Amino acid sequence: MAYERHKTVKPLSVGEIASYSMGSLGREFSNNCVNAFFLVYLCIYQGLNPMIMTAAFVIAKIWDAINDPILAAIVNNAKKSRFGRYRPWIFFGAVLNAISLIAMFIPLGEGVSQPARYCFYIAMYVLWGMSFTLVDVPFWSMLPAIANSTEERNKASSMAKLIGGLGGFLVGMVGTSLILPNFSKQGMTKAYMMIGATAGAIMIVFLLITVLFNKEKYPIPHSNVSLKTVIDIFKTNDQLGAYAISLVLYSTGVNIALSQILYLYIYCYEGGANLINSAYSYTLFWVVACTGQGIAMFFYNQITKKIPRQKIYEFSFWGCVISYILMFFIFFFLKEGNYFLNAVLIALSGAFLMLASGMNQIGSTVMIADITDYGEYKTGKRADSIMFSVQTLITKISTAIAMLILGIGISVAGLPTISELPITNPDGTYSHSVNVFTQDGKYMINSEEIWEEISGDSQYDGKAEFVEKNLISQRSLTVLRVFMFLIPIPLCITAFVIYKKKYRLYGRMYDDVKEEIDRRRIENGFVTDTLQPVADENIRKED
């Protein structure tokens, strides 16, 4: 193992916390863009089968499960540059991720066959997932290198999660309130392509802020790792196993409820049950819901001074269970015509879920830093990139399982697809596009305004049918809500039981672990006896 000695460095500053957190916004903008829009775009506007796509996503995540530790090992073993060990990877991964994100929303022409469409979009999704690992792993691995104490890590991670949560809100606001309304007349496929391009650009800009304004000032013990070492880490670190299984179950439930809630706004409202007749209701949901998450993240550090961190983490499980039940039953009390009230009630129920989820996100980020310390305590070796890759892996696995469950739900519910129909002017030139439900090969229209446009266009003669009813049955809506809100409940409860029984790395046990690894570092001449690393005076590494 290599060691180096540095001069005393200053505590983590407000500017460093802010610039680090900006990178989280970029990450989450990319991640939430894919979670919120990609499956909707493929199944509704590209006409791909939801079951095939969700099955393909699960297979892609299995591949991620294999390559994430490998990519993490590559990052871990790479030679440290003058820009640090992690920052070059963050920038390279951001550029590659942005390119793949834009490609994922490129509309393929009518001449492209369905098998070719499946292959292209699945390949881009796999590339996006691998490049996201190259961003996510070094981003969180850098946390111990910029924040040494638990308090500093709490501050940095809570602010990063808060700003990252803002990225989720901005995806909804920018996508559904700005891009889709303003570009939909040019075609929804072009509007979705604009969403992908915007998300890619935002990701690069904000991660560049992290790269430019953060330095890896705390030297961390480093060892190159082999595949065998990776396997040994997962075998010997019992706390990592408990953490990972619990968080996969918990995150799957949250992803089921939140990541695809756009389906409810497409099928239950605008052209379905017509409970919220506003294109901006989806944005309102995220504004209110993310406010709840923001409150949790902003005050998290202050709350931990009054309430033990493990108690807050336990609350996050039961808070989610309560919100799932609330969100399920609230849909049965909504009345047609009460558009604003309905939107507010749904958003408030989402805010409680986001509040609980926000507390869980911060707690789990600090926990993986603690688990990394525990791994050093158990084995004498430290592999931050490997350990933090577990978070990325959990995110991907839970998202894939959520997509699979929702894909089954959409198929069981029998929801129709949406077709984008171009409307032409009397001289045959393109005017604009409209979106209609498609069922049994026919365009089903229940809007008199759209029917007037379609019936006046000869290309749709005999292909369109006007219906004076809601096109989505109550059975379909109930099935969709069951899959989205009731299935997460047993997942969350099981996750809590595993955490409660297996995870012990807090309180006195963690204090003993931290004290022991600090003692070992002092004995090896890695840090001064005040546990403060030294910054500018680089002394030659010794084994």
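Residues numbered from 1 in each chain as written. Predicted model: local features only at pLDDT ≥ 70, side-chain atom pairs only at ≥ 80, totals over all residues. Heavy atoms only, no water.

## Structural notes on the packing of helix α13 (residues 309-330) against helix α18 (residues 488-502)
And step 1. Packing of α13 against α18 leaves a shortest axis separation of 9 Å and a crossing angle of 165°. In this view, α13 runs roughly antiparallel relative to α18, as classed from their interaxial angle. Handedness of the crossing formed by α13 with α18: left-handed. Mapping the contact onto sequence places Q310, Y313, E314, F317, W318, C320, V321, Y324 and I325 in α13 and P488, I489, C492, I493, A495, F496, Y499 and K500 in α18.
And step 2. Looking at the contact of α13 with α18 residue by residue, the classes come out as 14 nonpolar, 1 polar and 2 charged. (Axes fitted to C-alpha atoms, helices over the stretch in contact; angles between N-to-C directions. Helix = DSSP H or I, 4+ residues; strand = E, 2+ residues; numbered from the N terminus. Parallel < 35°, antiparallel > 145°, perpendicular 65-115°, else oblique. Left-handed = near helix turned anticlockwise from the far one by under 90°. Contact = heavy atoms within 4.5 Å. Nonpolar A, V, L, I, M, F, W, Y, C, P; charged D, E, K, R; others polar.)

## Side note on the pairing of strand β2 (residues 430-439)
And step 1. Relative to β2, strand β1 (residues 417-424) runs antiparallel, the two sharing 8 bridges. Residue pairing across strands places S419 opposite V436, the latter belonging to β2.
And step 2. Summarising the sheet, β2 and strand β3 (residues 442-445) pair through 3 bridges and their orientation is antiparallel. Paired with T438 across the two strands is Y443, which belongs to β3. (Pairing = 2+ DSSP bridges.)

## What to know about the confidence of the model for the protein chain
And step 1. Here the protein chain averages 79 in pLDDT, while 86% of its residues score no lower than 70.
And step 2. Confidence, read as mean pLDDT per element, is least for helix α10 (residues 262-270) in the protein chain (65) and greatest for α18 (95). (pLDDT = per-residue confidence, 0-100.)

## Section: the state of the cysteines
And step 1. Here the structure, examined in full by the defined rule, presents 0 disulfides.
And step 2. C492 forms no disulfide, and the closest cysteine sulfur to it belongs to C320, at a distance of 5.1 Å.
And step 3. Judged by relative accessible area, which is 1%, C492 ranks as buried. (Disulfide = S-S within 2.5 Å. Buried < 20%, exposed > 50% of the residue type's maximum accessible area, 1.4 Å probe, protein only.)

## Some words on the pattern of salt bridges
And step 1. In the structure shown here, the tally under the stated rule is 10 salt bridges.
And step 2. Salt-bridge contacts for R508 lead to D512; the nearest nitrogen and oxygen are separated by 2.9 Å. Of this pair, R508 and D512 both sit in helix α19 (residues 508-523), separated by 4 residues, roughly a single helical turn.
And step 3. Accessibility expressed as a relative area gives 55% for R508, which makes it exposed.
And step 4. Exposure remark for D512: the relative accessible area of 37% places this residue in the partly exposed category.
And step 5. For E523, the salt bridge identified is with R519, shortest N-O distance 2.3 Å. One end of the pair is E523 and the other is R519, both in helix α19 and 4 residues apart, which spans about a single turn.
And step 6. For E523, a relative accessible area of 57% puts it in the exposed group. (Salt bridge = Lys/Arg side-chain N within 4 Å of Asp/Glu carboxyl O.)

## Section: the sheet that holds strand β4 (residues 464-466)
And step 1. On the basis of which strands lie adjacent, the open sheet formed by 4 strands has the order β1-β2-β3-β4 and mixed pairing. Lying at the two open borders of the sheet, with one neighbouring strand each, are β1 and β4. Across the sheet, the mean angle from the axis of one strand to that of its neighbour is 45°, orientation sign disregarded.
And step 2. Docked against the sheet, helix α16 (residues 448-455) engages β1, β2, β3 and β4, running at close to 115° with respect to β2.

## A short note on the environment of G164
And step 1. Residue placement: G164 occurs in helix α6 (residues 150-183).
And step 2. Here the alpha-carbon distance between G164 and G23, two residues 141 residues apart in the chain, equals 8.1 Å.
And step 3. Here G164 is in contact with S24, L25 and E28, once residues within four sequence places are set aside.

## Thoughts on a negative patch on the surface
And step 1. On the surface, E448, E449, E452 and E468 cluster together to form a negatively charged patch.
And step 2. You can see E448 is positioned in helix α16.
And step 3. Residue class for E448 comes out exposed when judged on its relative accessible area of 63%. (Patch = residues over 30% accessible without salt bridge, like charges linked within 9 Å, V, L, I, M, F, W, Y side chains within 5 Å. Areas by Shrake-Rupley, 256 points an atom, 1.4 Å probe, with all protein chains shown as cover. Lys, Arg positive; Asp, Glu negative; His and termini not counted. Charge placed at Lys NZ, Arg CZ, Asp CG, Glu CD.)

## Brief notes about a nonpolar patch on the surface
And step 1. A surface patch of nonpolar side chains, amounting to about 550 Å² of accessible area, comprises F91, V95, I99, L208, L212 and F213.
And step 2. Contributing elements (two or more residues each) for the nonpolar patch: α3 (87-104) and α7 (188-213).
And step 3. For F91, the location among the structural elements is in helix α3.

## Section: the pairing of β3
And step 1. Between β2 and the antiparallel strand that follows it, β3, lie 2 residues; D440 among them carries a positive phi value of about 55°.
And step 2. Note: β3 against β4, 3 bridges, orientation parallel. Its bridge partner lying in β4, I445 is registered against F466.
And step 3. Assessed by its sense of winding, the connection that carries the chain from β3 through α16 to β4 is right-handed. (Right-handed = clockwise from strand over helix to strand, strands pointing away.)

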